[in-house]
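The residues making up each chain are set out below.
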Amino acid sequence: MATSASSKLSKAVKRQYMDLPQGEKVQAMYIWIDGTGEGLRCKTRTLDFEPKSIDDLPEWNFDGSSTHQSEGSNSDMYLIPAVMFRDPFRKDPNKLVLCEVLKYNRKPAETNLRRSCKRIMRMVENHHPWFGMEQEYTILGTDGHPFGWPSNGFPGPQGPYYCGVGADKAYGRDIVEAHYRACLYAGVQICGTNAEVMPAQWEFQVGPCEGIDMGDHLWVARFILHRVCEDFGVVVSFDPKPISGNWNGAGCHTNFSTKEMREEGGLRVIEESIERLAKRHMYHIQAYDPKGGLDNARRLTGHHETSNIDEFSAGVANRSTSIRIPRSVGHEKSGYFEDRRPSANCDPYMVTEALVRTCLLKEEGSEPTDYNK
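Quick caveat, the model's predicted, so the values are computed rather than measured.

Residues and numbers for empty space enclosed by the protein, please.
For the structure shown, the criterion picks out two cavities of 30 Å³ or more. Roughly 90 Å³ of volume is contained in the largest cavity. Lining the largest cavity are Ile33, Gln69, Leu98, Cys99, Glu100, Val101, Ala109, Thr111, Asn112, Arg114 and Tyr349. A total of four residues in the lining of the largest cavity trace back to one element, the largest contributor, which is strand E5 (residues 95-102). Residues that form the lining of the largest cavity fall into these classes: six nonpolar, three polar and two charged. The calculated volume of the second largest cavity comes to roughly 30 Å³. Tyr161, Lys169, Ala170, Tyr171, Ala195, Glu196, Met198, Pro199, Ala200, Gln201 and Trp202 are the residues that line the second largest cavity.

Here it is in C-alpha coordinates:
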(Lines give C-alpha, C1' and ligand atoms only; values in the text may rest on other atoms or scores of the structure.)
Protein backbone atom coordinates (compact mmCIF):
# COMPACT_ATOMS: atom_id res chain seq x y z
CA MET A 1 0.00 0.00 0.00
CA ALA A 2 1.49 3.34 -1.08
CA THR A 3 1.11 5.89 1.70
CA SER A 4 2.39 9.38 2.41
CA ALA A 5 5.43 9.81 4.62
CA SER A 6 4.09 13.11 5.99
CA SER A 7 3.40 11.56 9.40
CA LYS A 8 7.16 11.16 9.83
CA LEU A 9 7.82 14.88 9.40
CA SER A 10 8.58 16.80 12.58
CA LYS A 11 5.39 17.95 14.28
CA ALA A 12 7.43 20.21 16.54
CA VAL A 13 8.67 22.14 13.52
CA LYS A 14 5.12 22.36 12.17
CA ARG A 15 3.89 23.65 15.53
CA GLN A 16 6.07 26.77 15.42
CA TYR A 17 4.24 27.81 12.26
CA MET A 18 0.78 26.81 13.45
CA ASP A 19 1.29 28.96 16.55
CA LEU A 20 1.82 32.10 14.43
CA PRO A 21 -1.03 34.62 14.68
CA GLN A 22 -3.30 34.74 11.63
CA GLY A 23 -4.64 38.25 12.14
CA GLU A 24 -8.24 38.80 11.12
CA LYS A 25 -8.10 36.10 8.44
CA VAL A 26 -9.90 32.75 8.71
CA GLN A 27 -9.11 29.48 6.94
CA ALA A 28 -12.16 27.57 5.71
CA MET A 29 -11.60 23.98 4.60
CA TYR A 30 -14.25 22.97 2.06
CA ILE A 31 -15.04 19.22 2.13
CA TRP A 32 -16.99 17.19 -0.42
CA ILE A 33 -17.80 13.62 -1.44
CA ASP A 34 -16.05 12.60 -4.65
CA GLY A 35 -17.27 10.58 -7.61
CA THR A 36 -16.72 7.22 -5.92
CA GLY A 37 -19.43 7.98 -3.38
CA GLU A 38 -16.98 6.94 -0.65
CA GLY A 39 -13.93 9.17 -0.91
CA LEU A 40 -13.68 12.64 0.60
CA ARG A 41 -11.80 15.60 -0.87
CA CYS A 42 -10.93 18.98 0.63
CA LYS A 43 -9.28 22.31 -0.11
CA THR A 44 -8.89 25.55 1.81
CA ARG A 45 -9.61 29.20 1.13
CA THR A 46 -8.97 32.37 3.11
CA LEU A 47 -11.85 34.50 4.37
CA ASP A 48 -11.56 38.09 5.58
CA PHE A 49 -13.85 37.46 8.55
CA GLU A 50 -15.10 34.65 10.76
CA PRO A 51 -18.32 33.23 9.27
CA LYS A 52 -21.16 32.96 11.78
CA SER A 53 -23.55 30.95 9.61
CA ILE A 54 -23.51 28.95 6.41
CA ASP A 55 -24.95 31.96 4.59
CA ASP A 56 -21.67 33.83 5.17
CA LEU A 57 -19.69 31.31 3.10
CA PRO A 58 -19.17 31.82 -0.64
CA GLU A 59 -19.66 29.16 -3.29
CA TRP A 60 -16.48 27.74 -4.78
CA ASN A 61 -15.46 25.35 -7.54
CA PHE A 62 -13.04 22.53 -8.32
CA ASP A 63 -11.77 20.33 -11.13
CA GLY A 64 -14.23 17.46 -11.33
CA SER A 65 -12.14 15.59 -13.89
CA SER A 66 -9.65 14.84 -11.11
CA THR A 67 -12.30 13.51 -8.69
CA HIS A 68 -14.21 11.13 -11.02
CA GLN A 69 -17.03 13.68 -11.33
CA SER A 70 -16.69 15.21 -14.81
CA GLU A 71 -14.80 15.16 -18.10
CA GLY A 72 -11.76 17.31 -18.68
CA SER A 73 -13.50 19.27 -21.44
CA ASN A 74 -16.19 20.46 -19.02
CA SER A 75 -14.58 20.01 -15.62
CA ASP A 76 -15.72 22.88 -13.38
CA MET A 77 -17.96 21.72 -10.53
CA TYR A 78 -19.63 23.93 -7.94
CA LEU A 79 -19.12 23.61 -4.17
CA ILE A 80 -22.20 24.77 -2.27
CA PRO A 81 -21.58 25.17 1.49
CA ALA A 82 -24.14 23.08 3.39
CA VAL A 83 -23.04 22.90 7.03
CA MET A 84 -20.17 24.36 9.06
CA PHE A 85 -18.12 22.96 11.96
CA ARG A 86 -15.21 24.18 14.06
CA ASP A 87 -11.82 23.06 12.73
CA PRO A 88 -10.10 20.78 15.29
CA PHE A 89 -6.82 20.79 13.34
CA ARG A 90 -6.29 24.52 12.85
CA LYS A 91 -8.57 25.43 15.78
CA ASP A 92 -10.75 28.52 16.19
CA PRO A 93 -11.64 30.68 14.38
CA ASN A 94 -11.03 28.35 11.42
CA LYS A 95 -13.81 26.20 9.97
CA LEU A 96 -14.64 22.90 8.32
CA VAL A 97 -17.32 23.32 5.65
CA LEU A 98 -19.19 20.30 4.29
CA CYS A 99 -20.41 21.06 0.77
CA GLU A 100 -22.86 19.77 -1.79
CA VAL A 101 -21.53 19.32 -5.32
CA LEU A 102 -23.39 20.67 -8.36
CA LYS A 103 -22.57 20.03 -11.99
CA TYR A 104 -22.01 22.70 -14.64
CA ASN A 105 -25.80 22.96 -15.12
CA ARG A 106 -26.40 23.46 -11.38
CA LYS A 107 -27.94 20.01 -11.00
CA PRO A 108 -26.70 17.71 -8.21
CA ALA A 109 -23.70 15.54 -9.03
CA GLU A 110 -24.42 11.81 -9.15
CA THR A 111 -22.88 11.23 -5.71
CA ASN A 112 -24.55 14.29 -4.16
CA LEU A 113 -27.26 12.35 -2.35
CA ARG A 114 -27.74 15.09 0.23
CA ARG A 115 -30.06 17.14 -1.97
CA SER A 116 -32.63 14.34 -2.33
CA CYS A 117 -32.31 13.35 1.34
CA LYS A 118 -32.96 16.90 2.50
CA ARG A 119 -36.11 17.15 0.38
CA ILE A 120 -37.45 13.85 1.78
CA MET A 121 -36.66 14.87 5.37
CA ARG A 122 -38.61 18.09 4.93
CA MET A 123 -41.64 16.06 3.88
CA VAL A 124 -41.69 14.22 7.23
CA GLU A 125 -40.36 16.87 9.61
CA ASN A 126 -43.55 16.74 11.72
CA HIS A 127 -42.68 13.11 12.59
CA HIS A 128 -39.28 14.23 13.97
CA PRO A 129 -37.25 11.27 12.66
CA TRP A 130 -34.23 10.56 14.85
CA PHE A 131 -31.23 8.52 13.80
CA GLY A 132 -28.14 7.13 15.47
CA MET A 133 -25.48 5.43 13.36
CA GLU A 134 -22.81 3.05 14.64
CA GLN A 135 -19.80 3.49 12.36
CA GLU A 136 -17.43 0.52 12.38
CA TYR A 137 -14.00 0.83 10.76
CA THR A 138 -10.63 -0.90 10.57
CA ILE A 139 -7.25 0.74 11.13
CA LEU A 140 -4.68 -0.40 8.56
CA GLY A 141 -0.92 -0.08 8.76
CA THR A 142 1.16 1.14 5.84
CA ASP A 143 1.60 -2.48 4.76
CA GLY A 144 -2.13 -2.77 4.13
CA HIS A 145 -2.63 -5.17 7.02
CA PRO A 146 -4.81 -4.33 10.01
CA PHE A 147 -2.78 -2.22 12.43
CA GLY A 148 -0.77 -4.33 14.88
CA TRP A 149 -1.33 -7.61 13.05
CA PRO A 150 1.72 -9.75 12.24
CA SER A 151 2.93 -9.02 8.70
CA ASN A 152 2.81 -12.67 7.70
CA GLY A 153 0.18 -14.06 9.99
CA PHE A 154 -2.79 -13.43 12.21
CA PRO A 155 -3.39 -12.43 15.83
CA GLY A 156 -5.18 -14.72 18.23
CA PRO A 157 -8.80 -15.58 17.43
CA GLN A 158 -11.68 -13.21 18.16
CA GLY A 159 -12.98 -13.10 21.71
CA PRO A 160 -10.83 -10.83 23.90
CA TYR A 161 -10.84 -7.74 21.68
CA TYR A 162 -14.42 -6.41 21.88
CA CYS A 163 -14.29 -3.52 24.38
CA GLY A 164 -10.88 -4.90 25.33
CA VAL A 165 -8.27 -3.23 27.51
CA GLY A 166 -4.50 -3.72 27.31
CA ALA A 167 -1.76 -3.57 24.71
CA ASP A 168 -2.47 -7.17 23.66
CA LYS A 169 -6.17 -6.46 23.06
CA ALA A 170 -6.64 -2.81 22.03
CA TYR A 171 -4.93 -1.99 18.73
CA GLY A 172 -4.70 1.76 18.06
CA ARG A 173 -6.47 3.40 20.98
CA ASP A 174 -4.51 6.67 20.56
CA ILE A 175 -6.20 7.19 17.20
CA VAL A 176 -9.63 6.53 18.69
CA GLU A 177 -9.09 8.98 21.54
CA ALA A 178 -7.73 11.69 19.22
CA HIS A 179 -10.70 11.27 16.87
CA TYR A 180 -13.23 11.38 19.70
CA ARG A 181 -11.82 14.63 21.12
CA ALA A 182 -11.51 16.21 17.67
CA CYS A 183 -15.18 15.43 16.94
CA LEU A 184 -16.28 16.96 20.24
CA TYR A 185 -14.27 20.09 19.49
CA ALA A 186 -15.73 20.35 15.99
CA GLY A 187 -19.31 20.06 17.23
CA VAL A 188 -19.98 16.64 15.73
CA GLN A 189 -22.74 14.82 17.62
CA ILE A 190 -20.49 11.89 18.53
CA CYS A 191 -21.92 9.96 21.47
CA GLY A 192 -19.60 7.03 22.09
CA THR A 193 -16.88 4.65 20.95
CA ASN A 194 -15.63 1.12 21.62
CA ALA A 195 -13.20 -1.50 20.38
CA GLU A 196 -14.90 -4.05 18.12
CA VAL A 197 -14.76 -7.83 17.76
CA MET A 198 -11.86 -8.00 15.29
CA PRO A 199 -8.52 -6.59 16.49
CA ALA A 200 -7.77 -3.15 14.96
CA GLN A 201 -11.50 -2.73 14.32
CA TRP A 202 -13.30 0.04 16.21
CA GLU A 203 -16.65 1.77 16.28
CA PHE A 204 -17.89 5.25 17.01
CA GLN A 205 -21.50 6.27 17.34
CA VAL A 206 -23.07 9.51 16.10
CA GLY A 207 -26.52 10.68 17.23
CA PRO A 208 -29.21 11.13 18.05
CA CYS A 209 -29.54 13.41 15.04
CA GLU A 210 -32.77 14.57 13.45
CA GLY A 211 -33.34 14.46 9.71
CA ILE A 212 -30.55 15.66 7.43
CA ASP A 213 -28.20 16.25 10.38
CA MET A 214 -27.46 12.51 10.57
CA GLY A 215 -25.74 12.39 7.21
CA ASP A 216 -23.96 15.70 7.76
CA HIS A 217 -22.48 14.73 11.11
CA LEU A 218 -21.43 11.21 10.06
CA TRP A 219 -19.65 12.42 6.92
CA VAL A 220 -17.74 15.06 8.89
CA ALA A 221 -16.86 12.49 11.56
CA ARG A 222 -15.46 10.28 8.79
CA PHE A 223 -13.45 13.18 7.39
CA ILE A 224 -11.98 13.93 10.81
CA LEU A 225 -11.04 10.26 11.23
CA HIS A 226 -9.24 10.25 7.87
CA ARG A 227 -7.29 13.35 8.92
CA VAL A 228 -6.40 11.95 12.34
CA CYS A 229 -5.16 8.71 10.74
CA GLU A 230 -3.14 10.78 8.28
CA ASP A 231 -1.36 12.47 11.18
CA PHE A 232 -0.61 9.10 12.80
CA GLY A 233 0.64 7.53 9.57
CA VAL A 234 -2.07 4.88 9.33
CA VAL A 235 -5.10 4.40 7.09
CA VAL A 236 -8.76 3.97 7.97
CA SER A 237 -10.79 1.45 5.99
CA PHE A 238 -14.59 1.37 5.83
CA ASP A 239 -14.55 -1.84 3.78
CA PRO A 240 -17.42 -4.07 4.98
CA LYS A 241 -15.21 -7.17 4.98
CA PRO A 242 -11.56 -6.11 5.07
CA ILE A 243 -10.28 -9.56 6.06
CA SER A 244 -11.87 -12.72 4.68
CA GLY A 245 -12.34 -15.80 6.79
CA ASN A 246 -13.39 -16.14 10.40
CA TRP A 247 -13.27 -12.42 11.19
CA ASN A 248 -16.13 -9.99 11.73
CA GLY A 249 -17.00 -7.52 8.99
CA ALA A 250 -17.74 -3.84 9.45
CA GLY A 251 -21.20 -2.32 9.35
CA CYS A 252 -22.98 0.91 10.10
CA HIS A 253 -25.96 -0.19 12.18
CA THR A 254 -28.64 2.47 12.01
CA ASN A 255 -31.01 3.19 14.88
CA PHE A 256 -34.26 4.85 13.88
CA SER A 257 -37.30 6.26 15.63
CA THR A 258 -40.11 8.73 15.08
CA LYS A 259 -42.10 10.83 17.51
CA GLU A 260 -44.87 8.21 17.38
CA MET A 261 -42.44 5.35 18.12
CA ARG A 262 -41.02 7.17 21.14
CA GLU A 263 -44.43 7.83 22.67
CA GLU A 264 -46.44 5.42 24.85
CA GLY A 265 -47.53 2.41 22.83
CA GLY A 266 -44.95 3.16 20.13
CA LEU A 267 -44.02 -0.51 19.78
CA ARG A 268 -47.06 -0.96 17.55
CA VAL A 269 -45.71 1.71 15.17
CA ILE A 270 -42.29 0.03 15.23
CA GLU A 271 -43.84 -3.33 14.32
CA GLU A 272 -45.81 -1.74 11.46
CA SER A 273 -42.60 -0.22 10.12
CA ILE A 274 -40.82 -3.57 10.30
CA GLU A 275 -43.64 -5.16 8.29
CA ARG A 276 -43.15 -2.53 5.58
CA LEU A 277 -39.38 -3.06 5.65
CA ALA A 278 -39.86 -6.81 5.21
CA LYS A 279 -41.76 -6.23 1.96
CA ARG A 280 -39.01 -3.97 0.62
CA HIS A 281 -35.90 -5.87 1.65
CA MET A 282 -34.03 -5.79 -1.66
CA TYR A 283 -34.65 -2.06 -2.15
CA HIS A 284 -32.88 -1.43 1.15
CA ILE A 285 -30.06 -3.86 0.39
CA GLN A 286 -29.36 -1.92 -2.81
CA ALA A 287 -29.43 1.38 -0.90
CA TYR A 288 -27.20 0.22 1.94
CA ASP A 289 -23.82 0.13 0.20
CA PRO A 290 -22.36 2.22 -2.64
CA LYS A 291 -22.20 -0.76 -5.00
CA GLY A 292 -25.86 -1.70 -4.79
CA GLY A 293 -25.39 -4.62 -2.40
CA LEU A 294 -22.21 -6.14 -3.85
CA ASP A 295 -20.03 -4.92 -0.97
CA ASN A 296 -22.51 -6.10 1.63
CA ALA A 297 -22.72 -9.54 0.03
CA ARG A 298 -19.25 -10.23 1.44
CA ARG A 299 -20.44 -9.24 4.94
CA LEU A 300 -24.10 -10.31 5.28
CA THR A 301 -23.54 -14.05 5.26
CA GLY A 302 -25.61 -15.10 8.27
CA HIS A 303 -22.41 -15.51 10.30
CA HIS A 304 -20.35 -13.17 12.50
CA GLU A 305 -23.39 -11.38 13.97
CA THR A 306 -25.03 -10.70 10.59
CA SER A 307 -28.22 -11.74 8.82
CA ASN A 308 -28.34 -13.40 5.41
CA ILE A 309 -28.41 -10.80 2.62
CA ASP A 310 -31.15 -12.70 0.75
CA GLU A 311 -33.54 -13.04 3.67
CA PHE A 312 -35.32 -10.50 5.87
CA SER A 313 -35.55 -11.20 9.58
CA ALA A 314 -36.39 -9.35 12.78
CA GLY A 315 -36.25 -10.12 16.48
CA VAL A 316 -35.84 -8.80 20.00
CA ALA A 317 -32.21 -8.55 21.18
CA ASN A 318 -31.08 -10.75 18.26
CA ARG A 319 -27.91 -9.56 16.50
CA SER A 320 -28.21 -12.09 13.69
CA THR A 321 -31.31 -10.44 12.23
CA SER A 322 -31.90 -7.69 9.69
CA ILE A 323 -33.79 -5.63 12.27
CA ARG A 324 -33.15 -5.79 16.01
CA ILE A 325 -35.61 -4.48 18.58
CA PRO A 326 -33.62 -3.73 21.75
CA ARG A 327 -34.78 -5.67 24.80
CA SER A 328 -35.54 -2.44 26.66
CA VAL A 329 -37.85 -1.34 23.84
CA GLY A 330 -39.70 -4.65 23.95
CA HIS A 331 -40.13 -4.20 27.69
CA GLU A 332 -41.17 -0.52 27.65
CA LYS A 333 -43.33 -0.89 24.51
CA SER A 334 -41.83 2.23 22.90
CA GLY A 335 -38.53 3.55 21.59
CA TYR A 336 -36.63 2.67 18.43
CA PHE A 337 -35.33 -0.18 16.27
CA GLU A 338 -31.92 -0.98 14.82
CA ASP A 339 -31.40 -1.75 11.13
CA ARG A 340 -28.25 -3.89 11.07
CA ARG A 341 -27.95 -4.16 7.28
CA PRO A 342 -26.10 -0.94 6.23
CA SER A 343 -22.44 -1.49 5.39
CA ALA A 344 -19.58 0.48 6.92
CA ASN A 345 -19.06 2.32 3.62
CA CYS A 346 -22.74 3.23 3.16
CA ASP A 347 -23.86 6.74 2.33
CA PRO A 348 -25.82 7.89 5.42
CA TYR A 349 -27.94 10.21 3.29
CA MET A 350 -29.18 7.26 1.24
CA VAL A 351 -29.68 5.00 4.29
CA THR A 352 -31.72 7.52 6.26
CA GLU A 353 -33.72 8.55 3.18
CA ALA A 354 -34.58 4.92 2.43
CA LEU A 355 -35.83 4.35 5.99
CA VAL A 356 -38.04 7.43 5.83
CA ARG A 357 -39.41 6.52 2.41
CA THR A 358 -40.45 3.05 3.55
CA CYS A 359 -41.49 3.68 7.16
CA LEU A 360 -43.03 7.16 6.97
CA LEU A 361 -43.93 7.80 3.34
CA LYS A 362 -45.06 4.16 3.12
CA GLU A 363 -43.55 3.58 -0.30
CA GLU A 364 -43.67 0.11 -1.84
CA GLY A 365 -41.82 -1.65 -4.63
CA SER A 366 -38.19 -1.81 -5.70
CA GLU A 367 -37.79 1.82 -6.80
CA PRO A 368 -38.08 5.10 -4.88
CA THR A 369 -41.08 7.28 -5.68
CA ASP A 370 -40.36 10.40 -7.72
CA TYR A 371 -42.15 13.28 -5.99
CA ASN A 372 -41.15 15.78 -8.69
CA LYS A 373 -43.70 14.41 -11.14
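So much for the structure itself; the text now carries on.
Give me the lowdown on the pattern of salt bridges, citing residues and values where you can.
Within this structure, the stated rule accounts for 26 salt bridges. Here aspartate 239 makes a salt bridge to arginine 298, at a shortest N to O gap of 3.0 Å. Placement of the pair is aspartate 239 in the loop between strand E9 (235-237) and strand E10 (252-257) and arginine 298 in the loop between helix H8 (294-297) and strand E11 (314-316), with a sequence separation of 59 residues. The exposure class of aspartate 239 is partly exposed, given its relative accessible area of 27%.

Quick rundown of the sheet that holds E5? Include the residues and the values.
As a general point, the strands of a sheet are linked pairwise by backbone hydrogen bonds and lie either parallel or antiparallel. The sheet built from five strands is open, its strands ordered E2-E1-E5-E4-E3 with mixed pairing. Edge positions in the open sheet fall to strand E2 (40-47) and strand E3 (60-63), since each of these has one partner strand only. Neighbouring strand axes in the sheet, compared pairwise and without regard to direction, differ in orientation by 40° on average. Bridge analysis of strand E4 (residues 76-86) against E5 gives eight bridges, and the strand direction is antiparallel. Bridging across to E5, methionine 84 finds its partner in valine 97.

Here is what the cut-offs are and how they apply
- Residues numbered from 1 in each chain as written.
- Predicted model: local features only at pLDDT ≥ 70, side-chain atom pairs only at ≥ 80, totals over all residues.
- Heavy atoms only, no water.
- 1 Å grid on protein atoms, 1.4 Å probe; cavity = no way out; pocket = protein on both sides within 12 Å on 5 of 7 lines; lining within 4 Å.
- Points joined across faces, edges and corners; volume = space filled by probe spheres on them.
- Helix = DSSP H or I, 4+ residues; strand = E, 2+ residues; numbered from the N terminus.
- Nonpolar A, V, L, I, M, F, W, Y, C, P; charged D, E, K, R; others polar.
- Salt bridge = Lys/Arg side-chain N within 4 Å of Asp/Glu carboxyl O.
- Buried < 20%, exposed > 50% of the residue type's maximum accessible area, 1.4 Å probe, protein only.
- Pairing = 2+ DSSP bridges.
- Axes fitted to C-alpha atoms, helices over the stretch in contact; angles between N-to-C directions.

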